[in-house]
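Examining the three-dimensional arrangement
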Number of protein chains: 4
Amino acid sequence: MRKTPTQARSRATVERILEAGRQVLIDDGYETFSTNRVAVAAGISPGSLYQYFSDKASILDIVISRYWEDVSERTAAALALQASSSTGTPAIRSVADALLAGLEQDPALLRVLTEELPASRNRDRHAALVNRVRDLTAAYLRAGSDAMTRPDPQITAWVLVVAMENVALRWVLDRPPYPREAVLEEMVALTAGYLGHATS
Amino acid sequence: MRKTPTQARSRATVERILEAGRQVLIDDGYETFSTNRVAVAAGISPGSLYQYFSDKASILDIVISRYWEDVSERTAAALALQASSSTGTPAIRSVADALLAGLEQDPALLRVLTEELPASRNRDRHAALVNRVRDLTAAYLRAGSDAMTRPDPQITAWVLVVAMENVALRWVLDRPPYPREAVLEEMVALTAGYLGHATS
Amino acid sequence: MRKTPTQARSRATVERILEAGRQVLIDDGYETFSTNRVAVAAGISPGSLYQYFSDKASILDIVISRYWEDVSERTAAALALQASSSTGTPAIRSVADALLAGLEQDPALLRVLTEELPASRNRDRHAALVNRVRDLTAAYLRAGSDAMTRPDPQITAWVLVVAMENVALRWVLDRPPYPREAVLEEMVALTAGYLGHATS
Amino acid sequence: MRKTPTQARSRATVERILEAGRQVLIDDGYETFSTNRVAVAAGISPGSLYQYFSDKASILDIVISRYWEDVSERTAAALALQASSSTGTPAIRSVADALLAGLEQDPALLRVLTEELPASRNRDRHAALVNRVRDLTAAYLRAGSDAMTRPDPQITAWVLVVAMENVALRWVLDRPPYPREAVLEEMVALTAGYLGHATS
DNA sequence: TATGAATGAGAGTTCATTCAT
DNA sequence: TATGAATGAACTCTCATTCAT
């Protein structure tokens, strides 16, 4: 402890700033997100922010990155796990479930990130998620290719991911009057029909 | 709009402002969209903006409305036309085609609207489009219900529209390396599989 | 009529503008008094205002002048009439009454003129009123000088007018909870005591 | 005030702003009083104003408050002191003197405040002053009521204060050609006559 | 290192006035 | 003469960033 007192303190300050940034984003929205607000929320002075972050954008960047990495991690984990341990519609259901769960986990931040931030801000992080899931899906499709009716696993994976993601996203954010279970069922049906599986 | 322009000159000015607004949006992006920039781009003085528009937001509103009305009009027209004149996969293909075409028509503005504006700005307009298409789709599903394998046309229509929209949107904006024809084919397969049609 | 059709129309327009100016002043207050508003209220175009008035100030000037001339006329008339036809406290009461009546006649405009306009705007007009009343008062004092206990009619007249005016003005505008009759009585007592008259 | 300045530097800045506000008011008048002018006069940037003042009005408010508090303090102090230590005309003279002195102390600012500001801006502050003096006067009248010839101390005090205030104010601002001594004498006579005292 | 005072460019907006029609 | 579109300087206010302490 003695060795790195300032480093430990620094790290704590950085965390305080990031958490404050997250809160300000959720509470006040993106348009009123300002370095001064973040500084106040973090209990430090505006000048001190610049000891740890080069500018406003870099605070945002990290808050955003963390969020999407979280979602990505969770979803990919579920996918890796379920896809290998099961096949057919049970596997599909597990993945869809993981996707919903990933997005449901912090809807307040999700809303701000997807509805208030310029999408370009999320772009790279979000693309990374999509690609990751897409590649895993493609691999999975190739593996169980016997039943597949689509010719190109790449494009099929892309279509699936893009379609599923939006269904999950809109359901979480817009809360249309359909129960989670029903939406999950439809997502499975959509995927299974597309891939040529029989839905029981 | 503040004043209803009666003279030809003022109607021309309003058009110049709106077109300038569109250009500034495309060229400079949403974050730097400012009344002064619009005025310069329109070749008028800042004060003149306020003869016809109550504030910055109302200029944006109209630029946005016009865009989505355009897309909505085109897509719905195609849907109404094609869906009635054909059935099965040809009809589905027509609708997917209309959707793609609608979004392809002004991709630069589409990009700014969907990627840079806070989604809340598009929200109502966009929701109107989605609802319109969803209701048409639901009606269509009910009509040809014989072949339908899904239990609830409402939720099925919603899932379809949300899924299709994102596939079309991401393809237009992200330009993944898949030819239009192939994507269209996948969209049809996705829909047909979901609805239980046989894909020839 | 034929000879001066435009002149007659002009005159009517000028009147419309002045009346509109008065109304805008009363309804919207001085701070939001603008040439555009006046033009709208007068039912003419902003450009036309400048056919008849050189600028915003000159409209205001005339509205103000008219008001104070009105008050001045009424009060002076009463003073001239009453002061000659009676003497002692009855005359004083008449004058005070005239003063109150003059200010009571258009309190809405009075309020705006005295409370919202920079006093400098009223200055000359108001000074004219004060001087007029002061001179009449001085003359009156000189005439009935037998009873007078003050040495200099000029200063005495000035003090009287300034004091009375404010009592009347504040009573009309601030509406303190004293009946008109009582205030009148006090004004008479104040004057009579000052001039050395016996109050019955 | 937005922020409570803690450092000596910032307290100095606040003072500089207020003094600059006072100067701009005196030099340029109320109509051209602008935050930019104040900032320039204070030798600071426009943004710095807003560290300590929420808006333009709040700067004005404090400049105005300070002025009237000063006048009020001085006048009331004189009144409290003199009125108790003496009686009859000497006491009256002291009060009138205090009133004149209070208003004479910063005539340039007094002029702007009373002649250029919408009266509503001074209203509360000014009313506070009037009420304070009126109540002190009423109390004084009740105390020495033996000689009083007026029935209601409240209304009498109000009339006195309103009348006296205007005599003093107009003398300070309009500088009529009467020596201070003479005006004081008349004020005493006016009051004494009104209250039924004998003027020596 | 931490502070918080200070910065200043640039934002949105108004309105008295001008001028082409 | 009358119109109303157009002007543009000036306004109030914000906030990412810097810098003296």
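Residues numbered from 1 in each chain as written. Chains lettered and ligands numbered in written order. Predicted model: local features only at pLDDT ≥ 70, side-chain atom pairs only at ≥ 80, totals over all residues. Heavy atoms only, no water.

1. Digging into the packing of helix 1 (residues 8-28) of chain B against helix 6 (residues 107-115) of chain B
All names here are of chain B.
- Where helix 1 contacts helix 6, the two axes come as close as 9 Å, and the packing angle between them is 75 degrees. Relative to helix 6, helix 1 is oriented roughly perpendicular. Across the interface between the two elements, R22, L25 and I26 of helix 1 pack against A108, L109, V112 and L113 of helix 6.
- Across the contact of helix 1 with helix 6, the residue classes break down as six nonpolar, no polar and one charged. (Axes fitted to C-alpha atoms, helices over the stretch in contact; angles between N-to-C directions. Helix = DSSP H or I, 4+ residues; strand = E, 2+ residues; numbered from the N terminus. Parallel < 35°, antiparallel > 145°, perpendicular 65-115°, else oblique. Contact = heavy atoms within 4.5 Å. Nonpolar A, V, L, I, M, F, W, Y, C, P; charged D, E, K, R; others polar.)

2. Here's the deal with the packing of aromatic side chains
- Counted by the stated rule, this structure contains eight aromatic pairs over all chains.
- Directly above the ring of W171 of chain A sits R175 of chain A, whose terminal nitrogen or CZ lies 4.5 Å from the centroid. (Phe/Tyr/Trp six-rings, centres within 6.5 Å; stacked < 30°, edge-to-face > 60°. Lys NZ or Arg CZ within 6 Å of the ring centre and 35° of its normal.)

3. Focus on the interface of chain A and chain B
- If you look at the interface, chain A gives 36 residues, while chain B gives 37 residues.
- Counting the surface lost from both chain A and chain B, the interface buries some 3,000 Å², and carbon and sulfur atoms represent 62% of this.
- Sorting the residues of chain A by area buried against chain B places W158, Y178 and E186 of chain A first, and these three jointly supply 22% of that buried surface.
- Our count for the contact surface shared by chain A and chain B stands at two salt bridges.
- The partner of E186 of chain A in a salt bridge is R150 of chain B, with the nearest N and O atoms 2.8 Å apart.
- Taken together, chain A and chain B are joined by nine residue pairs in polar contact (both at pLDDT 80 or more).
- Elements supplying a minimum of two residues to the side of chain A that touches chain B: helix 6 (107-116), helix 7 (119-143), helix 8 (153-174) and helix 9 (180-195) of chain A.
- Here the element with the most residues in the side of chain A that touches chain B is helix 8 of chain A; it accounts for 13 residues.
- For the side of chain A that touches chain B, the residue count by class is 19 nonpolar, six polar and eleven charged. (Buried area = accessible area lost by both parts, 1.4 Å probe. Salt bridge = Lys/Arg side-chain N within 4 Å of Asp/Glu carboxyl O. Polar contact = N/O pair within 3.5 Å; in protein donor to acceptor, adjacent residues only side chain to side chain.)

4. Concerning the nonpolar core
- With 126 residues, the main nonpolar core has L25 and W68 of chain A together with L25 of chain B as its most contacted residues.
- Non-local contacts of L25 of chain A, meaning those with residues more than four positions away in its chain, are made with Y30, F33, L60, V63, L109, V112, L113 and L117 of chain A.
- The next biggest cluster of nonpolar side chains, apart from the first, holds 123 residues, and it includes I59 of chain C together with L79, V133 and A189 of chain D. (Core = buried A, V, L, I, M, F, W, Y, C linked by side-chain atoms within 4.5 Å. Buried < 20%, exposed > 50% of the residue type's maximum accessible area, 1.4 Å probe, protein only.)

5. Considering the domain arrangement of chain A
All names here are of chain A.
- Here chain A is partitioned into domain 1 (1-53) and domain 2 (63-195).
- If you average the C-alpha positions of domain 1 and of domain 2, the two centres end up 32 Å apart.
- The partner domain 2 presents eleven residues to the eight residues of domain 1 that form the contact.
- In this assembly, domain 1 and domain 2 are joined by two salt bridges.
- Between D106 and R22 there is a salt bridge; the shortest N-O distance is 2.8 Å. (Domains from an automatic or database assignment.)

6. Here we look at the interface of chain C and chain D
- At the interface, 36 residues of chain C touch 37 residues of chain D.
- Here chain C meets chain D over a buried area of about 3,100 Å², counting both sides, of which 62% is carbon and sulfur.
- Three residues, W158, Y178 and E186 of chain C, lead the burial of chain C against chain D; their summed loss comes to 22% of the area buried on that side.
- Where chain C packs against chain D, one counts two salt bridges.
- Elements with a contribution of two residues or more to the side of chain C that touches chain D: helix 6 (107-116), helix 7 (119-143), helix 8 (153-174) and helix 9 (180-195) of chain C.
- For the side of chain C that touches chain D, the element with the highest residue contribution is helix 8 of chain C, accounting for 13 residues.

7. Overview of the pattern of salt bridges
- Counted according to the given criterion, the structure contains 60 salt bridges over all chains.
- In this structure, E73 of chain A engages R132 of chain A in a salt bridge whose closest nitrogen and oxygen atoms are separated by 3.2 Å. Of this pair, E73 of chain A sits in helix 4 (residues 56-85) while R132 of chain A is found in helix 7, placing the two residues 59 residues apart along the sequence.
- For E73 of chain A, a relative accessible area of 45% translates into the label partly exposed.
- With relative accessibility at 36%, the residue R132 of chain A sits in the partly exposed group.
- Among the ionic pairs, R22 of chain D bridges to E19 of chain D, the shortest N-O distance being 3.2 Å. Here R22 of chain D pairs with E19 of chain D, and both are found in helix 1 (residues 8-28), just three residues apart, close to one helical turn.
- For E19 of chain D, a relative accessible area of 38% corresponds to the partly exposed category.
- Bridged by salt links that share partners, the residues R111, E115, R170 and D174 of chain A form one connected network.

8. Points about the arrangement of the chains
- The two units chain B and chain C are non-contacting; their minimal C-alpha-C-alpha distance is 12 Å.
- These two, chain B and chain D, are apart from each other, with no contact and a minimum C-alpha gap of 21 Å.

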